[in-house]
Amino acid sequence: MAERSDPGLEGQIAVVTGGASGIGRAAVDLLEAAGARVFVADLNESDGPGEFICTDVTVDAAIEALSETVLERAGAPHVLVNAAGWDEIRPFVESDFEFIERIVRINLLGCMKVTRCLLPAMLEAGRGKVVNVASDAGRVGSSGETAYASAKGGVIAFTKSVARETARGPLHVNCVCPGPTDTPLFASLPEKLRGALERAIPFRRLARPEEVAEAILFFASRRSDYVTGQVMSVSGGLTMAG
Ligand SMILES: NC(=O)c1ccc[n+]([C@@H]2O[C@H](COP(=O)([O-])OP(=O)(O)OC[C@H]3O[C@@H](n4cnc5c(N)ncnc54)[C@H](O)[C@@H]3O)[C@@H](O)[C@H]2O)c1
């Protein structure tokens, strides 16, 4: 029994974008606790665990530098968690091009480009688990979050396609869709919206970041060795997408 419950991450190399705060940080905590060596790629330095590599996922050179640093210091990562993300509530008709592009660059292109840079080494190593953090907004849509939902829907489609392309590796590529989660990002939303969202959740409370991180850990670990291209909502029942 003890062996079955071991996530098998001892001594593994993990990279977590957005690992300085919220869900990403909770994932760093769980990965480290499971014995992984974790690189935190974020704009802001974390006071939490992990080896920090200052990275802006909207800057190509920074993504390339991140990839080079990880490969140089530790070799091909076993686990890549794309958790960096950002959002601001804004009606679509009031969103200018700059805002739309910023949302897509952080949430979709950042995830695609970081994965693109680290994937060859993972393929060469013949193994690797990529876990993308999208959002239920990308599964069911969300009023006031059209650009964000579009980007996150892209992350979901990206997950499935890369999973197909790399399954022979064998690589595993899966996606976690948090619902409203108690993080600094959620706290930045208007109070009225936060209250309405919380009341709409069947469990009647926000997710704790570590509850979302448990799903990330599942996809990062050997517990999901026969799972790829899948999307898991962790949303207290708010969405039940087919
Ligand atoms: N909190 C929620 O309710 C919720 C719901 C659905 C999805 N999500 C998604 O979960 C993920 C984590 O969000 P969170 O709530 O923990 O937010 P958070 O703001 O607490 O953490 C996000 C982290 O990403 C980093 N980041 C932002 N832009 C970056 C960039 N350009 N380059 C590198 N790092 C960058 C931030 O510095 C921060 O540390 C995001 O992808 C978010 O879209 C969150």
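Now for a look at the structure at hand. Keep in mind that this is a model prediction, so the values were computed, not measured.

### Description of the packing of helix α3 (residues 60–74) against helix α4 (residues 97–125)
So, step 1. As a packed pair, α3 and α4 sit with axes 9 Å apart at the nearest point and diverge in direction by 30°. Classed by the angle they form, the pair α3 and α4 counts as roughly parallel. Remark: the crossing between α3 and α4 carries right-handed chirality. Contact residues: D60, I63, E64, L66, S67 and L71 in α3; K113, V114, C117, L118 and A121 in α4.

### Re the side chain of N132
So, step 1. Note on placement: N132 falls in strand β5 (residues 129–133).
So, step 2. Setting aside its immediate chain neighbours within four residues, N132 contacts N82, C111, T115, V155, F158, T159, V173, N174, C175 and V176.

### What about the site of the ligand?
So, step 1. In the region of the ligand, 30 residues are neighbours, and S21, I23, D42, Y148 and T183 sit closest.
So, step 2. In this structure, T55 approaches the ligand through a main-chain N or O atom, which is 3.5 Å from a nitrogen atom.
So, step 3. Note that an oxygen atom of the ligand is positioned 3.0 Å from one of the backbone N or O atoms of A83.
So, step 4. Counting residues per element, the ones that place at least two in the shell around the ligand are α2 (22–33), α4, α6 (146–166) and α7 (184–187).
So, step 5. In terms of residue count, α7 provides more of the shell around the ligand than any other element does, three residues in total.
So, step 6. Counted by class, the shell around the ligand contains 15 nonpolar, twelve polar and three charged residues.

### Thoughts on the pairing of strand β2 (residues 37–42)
So, step 1. A large share of β2 lies buried, amounting to five of its six residues.
So, step 2. Pairing analysis gives five bridges linking strand β1 (residues 13–17) to β2, with the strands arranged parallel. The residue bridging A14 from the neighbouring strand is V38, located in β2.
So, step 3. As judged from the four bridges shared by β2 and strand β3 (residues 51–54), these two strands associate in the parallel manner. Residue pairing in the sheet places F39 in a bridge with E51 of β3.

Rules behind the numbers
- Residues numbered from 1 in each chain as written.
- Predicted model: local features only at pLDDT ≥ 70, side-chain atom pairs only at ≥ 80, totals over all residues.
- Heavy atoms only, no water.
- Axes fitted to C-alpha atoms, helices over the stretch in contact; angles between N-to-C directions.
- Helix = DSSP H or I, 4+ residues; strand = E, 2+ residues; numbered from the N terminus.
- Parallel < 35°, antiparallel > 145°, perpendicular 65-115°, else oblique.
- Left-handed = near helix turned anticlockwise from the far one by under 90°.
- Contact = heavy atoms within 4.5 Å.
- Near = heavy atom within 4 Å.
- Polar contact = N/O pair within 3.5 Å; in protein donor to acceptor, adjacent residues only side chain to side chain.
- Nonpolar A, V, L, I, M, F, W, Y, C, P; charged D, E, K, R; others polar.
- Buried < 20%, exposed > 50% of the residue type's maximum accessible area, 1.4 Å probe, protein only.
- Pairing = 2+ DSSP bridges.

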